[in-house]
Amino acid sequence: MDLEYDPTREAVAAMKLAAEDNGAERQRWITAALAWSELTRLRGAVEEASPKRQLVAGARRSAFPYPLSGC
């Protein structure tokens, strides 16, 4: 996922705004922060399970099956 935003940074920003507000507006910012936090969690899970990531890791292992010595 190459996106221009950082969900963790957005979650922190939303919580800062929630701390400054009260009532319904505060609850909306808390909900937004929770949504950004969930995106952060899901982003990590997707990147870990990515077949492309697994293929690249496998290719590296097969290209260098033994540690290089004397280099």
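Residues numbered from 1 in each chain as written. Predicted model: local features only at pLDDT ≥ 70, side-chain atom pairs only at ≥ 80, totals over all residues. Heavy atoms only, no water.

A. Spotlight on the overall build of the protein chain. Helix and strand counts for the protein chain come out as 3 helices and 0 strands. Out of the 71 residues in the protein chain, the part that is buried amounts to 8%. Summed over its atoms, the accessible surface of the protein chain is roughly 6,000 Å², and 60% of this surface lies on carbon and sulfur atoms. (Helix = DSSP H or I, 4+ residues; strand = E, 2+ residues; numbered from the N terminus. Buried < 20%, exposed > 50% of the residue type's maximum accessible area, 1.4 Å probe, protein only. Areas by Shrake-Rupley, 256 points an atom, 1.4 Å probe, with all protein chains shown as cover.)

B. Representation of the pattern of salt bridges in the model. Counted by the stated rule, this structure contains 3 salt bridges. The partner of Glu25 in a salt bridge is Arg28, with the nearest N and O atoms 3.1 Å apart. One end of the pair, Glu25, and the other, Arg28, are both in helix H2 (residues 23-49), 3 residues apart, so they sit about a helical turn from each other. A residue is classified by how much of its surface remains accessible, and Arg28, at 52% relative accessible area, is exposed. (Salt bridge = Lys/Arg side-chain N within 4 Å of Asp/Glu carboxyl O.)

C. Structural detail: the environment of Tyr5. Mapping Tyr5 onto the fold places it in the segment before helix H1 (7-20). Aside from chain neighbours lying at most four places away, what touches Tyr5 is Glu10, Trp36 and Arg43. (Contact = heavy atoms within 4.5 Å.)

D. Focus on the packing of H1 against H2. Here H1 crosses H2 at 165°, and the two axes come no closer than 8 Å. Regarding the angle of H1 to H2, the classification is roughly antiparallel. Helix-helix and strand crossings are classified by hand; for H1 and H2 the assignment is left-handed. On H2, the residues touching Pro7, Thr8, Glu10, Ala11, Ala14, Met15, Leu17, Ala18 and Ala19 of H1 are Arg26, Trp29, Ile30, Ala32, Ala33, Trp36, Ser37, Leu39, Thr40 and Arg43. Class assignment for the residues of the contact of H1 with H2 results in 13 nonpolar, 3 polar and 3 charged. (Axes fitted to C-alpha atoms, helices over the stretch in contact; angles between N-to-C directions. Parallel < 35°, antiparallel > 145°, perpendicular 65-115°, else oblique. Left-handed = near helix turned anticlockwise from the far one by under 90°. Nonpolar A, V, L, I, M, F, W, Y, C, P; charged D, E, K, R; others polar.)

E. Molecular detail of the confidence of the model for the protein chain. Chain-level statistics for the protein chain give a pLDDT mean of 78 and a share of 65% at 70 or above. Averaged pLDDT values over the elements of the protein chain bottom out at 56 in helix H3 (residues 51-63) and peak at 94 in H1. (pLDDT = per-residue confidence, 0-100.)

F. Summary view of a nonpolar patch on the surface. Among the surface-exposed residues, Tyr5, Leu39 and Leu42 lie close enough to one another that they form a single nonpolar patch of about 230 Å² accessible area. Inspection of the secondary structure assignment puts Leu42 in helix H2. (Patch = residues over 30% accessible without salt bridge, like charges linked within 9 Å, V, L, I, M, F, W, Y side chains within 5 Å.)

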